[in-house]
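The chain contents come next:
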Amino acid sequence: MGKVCFKGSAMLNPVPVALITCINSEGKPNVFTVGWIGTACTKPPMITVAIRPERLSYKLIKKTKEFVVNLPSKSLVKEVDFCGVRSGNTIDKIKHLKFNLEKCKYIKAPIIKQCPVALECKLKEIIPLGTHDLFLAEVVSIHIEESLIDSKGKFHIEKANLICYSHGEYFPIPQKSIGKFGFSVQKKKHKVKKL
Ligand SMILES: Cc1cc2nc3c(=O)[nH]c(=O)nc-3n(C[C@H](O)[C@H](O)[C@H](O)COP(=O)(O)O)c2cc1C
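A brief look at the structure comes next. Because the structure is a prediction, the values reported are computed rather than measured. Within each chain, residues carry numbers counting from 1 in the order of the written sequence. Where totals are concerned, whole chains, interfaces and linings use all residues; where local detail is concerned, this predicted model gives features only for residues with pLDDT of at least 70, and gives and counts side-chain atom pairs only at 80 or more. With hydrogens and water set aside, each side-chain value is computed from the structure's full complement of heavy atoms.

## Quick look at helix 1 (residues 56-64)
Cut-off, in case you're wondering: For every residue, the accessible area (1.4 Å probe, protein chains only) is compared with the maximum for its type, and the residue is labelled buried under 20%, exposed over 50%, or partly exposed between those bounds. Helix and strand labels come from DSSP, where a helix needs a run of H or I of at least four residues and a strand needs a run of E of at least two; each type is numbered from the N terminus. Here a residue-residue contact requires only that any non-hydrogen atoms of the pair lie within 4.5 Å.
When we look at burial in helix 1, the residues that qualify are L56, S57, Y58, L60 and I61. Elements in contact with the buried residues of helix 1: strand 2 (18-23), strand 3 (29-34), strand 5 (46-51), strand 6 (66-71), strand 9 (117-128) and strand 10 (133-144). With its phi angle positive at about 60°, K65 sits one or two positions after the end of helix 1.

Structure below.
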């Protein structure tokens, strides 16, 4: 069977879905949902978020130059959707959803306690694109729930039950790995015969 060709669209799916927290100049926090988020650089650790200028959070982040990317688990999917369809201009989403907040190490924006992973970010640049502007930010610190780190210090992200977003719908990320980095070229370990 052949493929059907459509006009260009930014359909790079699935994408991680995240809750971004930020604050206004008086320190009042807001939260909103993003799907247009990506990894940009390893050293320094940089990420991108594409944000529409009409969002309240756009104005807040532009002013304070900082935000937290909170990665929610699947039990929070309703809250994730709500934060993506209601604006902080009309409702205090953090109070309404009973999110508990924790302090960051380097920035003033708060972490959502209910989310197992959080990335503290400092804004470096805003690149205007069109409907969305690209926010390029440095990740200055990461917070991971203790229960996801084993006795050897390995982070089991697969146990965080994170959510992805694909073509208008939310999906759980499967826990079972289907291969690890480099496995396609890894040499098989041969057993050494004892003489
Ligand atoms: C799954 C999902 C993903 C979204 N991704 C983005 C995004 O990447 N960028 C953006 O500007 N808005 C995105 N939105 C919309 C905002 O989250 C939404 O407009 C929100 O109400 C803005 O809140 P605020 O005005 O309090 O900042 C998304 C919404 C949903 C439901």
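Back to the write-up after that little detour.
## What to know about the site of the ligand
How we decide: It suffices for a single heavy atom of a residue to lie within 4 Å of a molecule or strand for the residue to be listed as near it. Side-chain atoms alone can form a polar contact between residues adjacent in sequence; in general such a contact is a pair of N or O atoms within 3.5 Å, and within protein one must be able to donate a hydrogen while the other accepts it. Residue exposure ignores everything except the shown protein chains as possible cover, and the areas themselves are Shrake-Rupley values with a 1.4 Å probe. Under this grouping Gly is polar, as are all residues other than the nonpolar Ala, Val, Leu, Ile, Met, Phe, Trp, Tyr, Cys and Pro and the charged Asp, Glu, Lys and Arg.
The ligand sits among 21 residues. The nearest are T33, A50, S57, S87 and G88. The separation between an oxygen atom of the ligand and a polar side-chain atom of S57 is 2.5 Å. Within the backbone of G88, a nitrogen or oxygen atom sits 2.7 Å from an oxygen atom of the ligand. Coverage of the ligand by the protein amounts to 90% of the 650 Å² it exposes when considered alone. Looking at the shell around the ligand, the elements that each hand over two or more residues are strand 3, strand 5 and helix 1. Considering every element that reaches the shell around the ligand, the biggest residue donor is strand 3, with four residues. Class assignment for the residues of the shell around the ligand results in nine nonpolar, eight polar and four charged.

## Thoughts on the side chain of H132
Of note, H132 is situated in the loop between strand 9 and strand 10. At 2.8 Å, the side chain of H132 forms a polar contact with the side chain of T131. Excluding its chain neighbours within four sequence positions, the residues that come into contact with H132 are W36, A50, I51 and R52.

## Side note on the packing of aromatic side chains
What counts is decided by this rule: Two rings from Phe, Tyr or Trp (for Trp, the six-membered ring) form a pair when their centres are within 6.5 Å of each other. A pair whose planes differ by under 30 degrees is stacked, one over 60 is edge-to-face, and the rest are tilted.
For the structure shown, the criterion picks out two aromatic pairs. Relative to F135, the ring of Y58 lies with its centre 5.1 Å away and its plane at 75°, an arrangement referred to as edge-to-face. Of this pair, Y58 sits in helix 1 while F135 sits in strand 10; the two residues are 77 residues apart in sequence, bridging distant segments of the chain. On the accessibility criterion, Y58 (9% relative accessible area) is buried. Overall, the relative accessible area of 0% leaves F135 in the buried class. Judged by centre distance (5.4 Å) and plane angle (50°), the ring pair of Y165 and Y170 falls under tilted. According to the relative accessible area criterion, Y170 is partly exposed, its value standing at 29%.

## Some points on the environment of T48
Checked against the element boundaries, T48 lands in strand 5. Spatially, the C-alpha atom of T48 lies 15 Å from that of T131, the residues being 83 residues apart in sequence. With sequence-adjacent residues up to four places away left out, T48 is seen in contact with W36, I37, G38, A40, L134, F135 and L136.

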